[in-house]
Amino acid sequence: MPTNKKGDRRERELVNRLDDAGFAVMRAPASGSATQRELPDVLAGNGESFYAIEAKSSAGDPIYLTGEEVQALVYFAQNFGAKPRIAVRFDREDWYFFHPSDCYTTDGGNYRVKKETALADGTDMAELVGDTEKVTLEEATERGTATTDPAGDDHPDDGVRKLLQAVADGTLTVDEAAEALD
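From a predicted model like this one, the values you see are computed outputs, not experimental measurements. (Residues numbered from 1 in each chain as written. Predicted model: local features only at pLDDT ≥ 70, side-chain atom pairs only at ≥ 80, totals over all residues. Heavy atoms only, no water.)

Just to check I follow, could you spell out the sheet that holds strand β8 (residues 111-113) for this structure?
Strands belonging to one sheet form pairs held by backbone hydrogen bonds; the direction of such a pair is parallel or antiparallel. Sheet architecture is open: three strands sit in the order β4-β8-β7, paired in antiparallel fashion. Edge positions in the sheet fall to β4 (63-65) and β7 (104-105), since each of these pairs with one other strand and no more. Where β4 lies against β8, three bridges are found, and the strand directions are antiparallel. Following the sheet pairing, L65 is matched in β8 by Y111. (Pairing = 2+ DSSP bridges. Helix = DSSP H or I, 4+ residues; strand = E, 2+ residues; numbered from the N terminus.)

So what exactly am I meant to see when it comes to the side chain of R85 here?
Tracing the sequence through the fold places R85 in strand β5 (residues 83-90). The contacts of R85, once residues within four sequence positions are left out, are Y51, A52, I53, E54, L73, F98 and H99. (Contact = heavy atoms within 4.5 Å.)

I would appreciate a short explanation of the nonpolar core in the present structure.
If you look at soluble globular proteins, the nonpolar side chains tend to sit buried side by side. Residues A52, I86, V88, F98 and A118 are the most contacted members of the largest nonpolar core, which totals 18 residues. Mapped by element, the contributors of at least two residues to this core are β4, α2 (67-80), β5, β6 (95-98) and β8. Excluding its chain neighbours within four sequence positions, the residues that come into contact with A52 are P40, V42, L43, L73, F76, A77, A82, K83, P84 and R85. Of all hydrophobic cores here, the second largest spans 15 residues; its members include V15, L18, W95 and M125. (Core = buried A, V, L, I, M, F, W, Y, C linked by side-chain atoms within 4.5 Å. Buried < 20%, exposed > 50% of the residue type's maximum accessible area, 1.4 Å probe, protein only.)

What exactly am I supposed to notice about the side chain of E54 here?
Tracing the backbone shows E54 in strand β3 (residues 50-58). The residues touching E54, leaving out its near neighbours within four places in the chain, are L39, P40, D41, L65, E69, L73, R85, I86 and A87.

Can you help me understand a negative patch on the surface in this one?
On the surface, D175, E176, E179 and D182 cluster together to form a negatively charged patch. Of note, D182 is situated in the segment after α7 (174-181). (Patch = residues over 30% accessible without salt bridge, like charges linked within 9 Å, V, L, I, M, F, W, Y side chains within 5 Å. Areas by Shrake-Rupley, 256 points an atom, 1.4 Å probe, with all protein chains shown as cover. Salt bridge = Lys/Arg side-chain N within 4 Å of Asp/Glu carboxyl O. Lys, Arg positive; Asp, Glu negative; His and termini not counted. Charge placed at Lys NZ, Arg CZ, Asp CG, Glu CD.)

These figures come from the coordinates and say nothing about function on their own.
Here is the structure:
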């Protein structure tokens, strides 16, 4: 499939996902090519959070953005009052989001996101739209060591429950939860 058709399809997919999550969302027509102004691919807001998003997809290779693309995104987002986000999607994976400052910058001033980085460090769709909050393994074990009920009794099993919930939410892998229990 030609790159632009696949990219257009991916952008429409992102728009639909954000719409399903309750965001008012708009896809900029052809972004920078239809106008002299540099526009983000997607604008989305829900009354509390507003995003200007540059969307990229790849079959598996690292995703690169030029420094100019990212500068234009940040400039537009600041003037519009939105948070700039780079959205990446690799085949057979979900969307992951990055603030431009969280992306690797090459010696040439371009930006790169590898698939491994997206899966490990990216904000997933559920977290972006406010359905879940990313919890690191360390945070889960710190929060989940023990809790106290209104009667003042400690319940160490609540830590296990929180780890299991993190696995169910997809925040932790089974191996990460097992490691936390060791």
